[in-house]
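Residue-level listing of the chains:
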Amino acid sequence: MNLLTYLIVKESFWDQFKEEIRDVLDMFKDFFLMIKEVTYDVLANAIGGDVVNLLLIAIGTVALIMILLSVINR
């Protein structure tokens with residue numbers, strides 16, 4: 001009976017691993033939400049959400065072009 005109770009209550013290594021991964025993902029989520037609150041939300045309140053989105057798209061496009069140019073020129 002003790003063995004059955006032990007096997008039912010015992011947390012496996014895989015369960016512990018999944019919990020640790022979930023904690024790490026929650027920490028990353030909190031970190032990126034904090035960055036968003038400090039940067040994007042402040043800019044969106046100052047100059048408007050549509051303008052900030054257009055600026056982010058433009059910056060991303062320029063960065064992608066620069067990366068692709070460096071790859072092509074090699």
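Below you will find a few notes about this structure. What you are looking at is a predicted structure, and each value in this text was computed from that prediction instead of being measured. (Residues numbered from 1 in each chain as written. Predicted model: local features only at pLDDT ≥ 70, side-chain atom pairs only at ≥ 80, totals over all residues. Heavy atoms only, no water.)

## What about the overall build of the protein?
Here is step 1 of the chain: Scanning the protein for helices and strands turns up four helices and zero strands.
Here is step 2 of the chain: Start at the N end of the protein and walk to the C end: the helices and strands fall as α-α-α-α.
Here is step 3 of the chain: Of the roughly 6900 Å² of accessible surface on the protein, a fraction of 71% belongs to carbon and sulfur atoms. (Helix = DSSP H or I, 4+ residues; strand = E, 2+ residues; numbered from the N terminus. Areas by Shrake-Rupley, 256 points an atom, 1.4 Å probe, with all protein chains shown as cover.)

## Notes on the pattern of salt bridges
Here is step 1 of the chain: Within this structure, the stated rule accounts for three salt bridges.
Here is step 2 of the chain: Glu19 is the salt-bridge partner of Arg22, the closest N and O atoms lying 3.0 Å from each other. Note that Arg22 and Glu19 are positioned in helix α2 (residues 13-38) at a spacing of three residues, about one turn of the helix. (Salt bridge = Lys/Arg side-chain N within 4 Å of Asp/Glu carboxyl O.)

## Quick look at the environment of Glu19
Here is step 1 of the chain: Judged by its relative accessible area of 37%, Glu19 falls in the partly exposed class.
Here is step 2 of the chain: A distance of 3.0 Å separates a polar atom in the side chain of Glu19 from a polar atom in the side chain of Arg22. (Buried < 20%, exposed > 50% of the residue type's maximum accessible area, 1.4 Å probe, protein only. Polar contact = N/O pair within 3.5 Å; in protein donor to acceptor, adjacent residues only side chain to side chain.)

## Structural notes on the packing of α2 against helix α3 (residues 40-47)
Here is step 1 of the chain: The N-to-C vectors of α2 and α3 enclose an angle of 25°; their axes lie 3 Å apart at closest approach. Relative to α3, α2 is oriented roughly parallel. Of the residues in α3, those in contact with Ile35, Lys36, Glu37 and Val38 of α2 are Tyr40, Asp41 and Val42.
Here is step 2 of the chain: Partitioning the contact of α2 with α3 into residue classes produces four nonpolar, no polar and three charged. (Axes fitted to C-alpha atoms, helices over the stretch in contact; angles between N-to-C directions. Parallel < 35°, antiparallel > 145°, perpendicular 65-115°, else oblique. Contact = heavy atoms within 4.5 Å. Nonpolar A, V, L, I, M, F, W, Y, C, P; charged D, E, K, R; others polar.)

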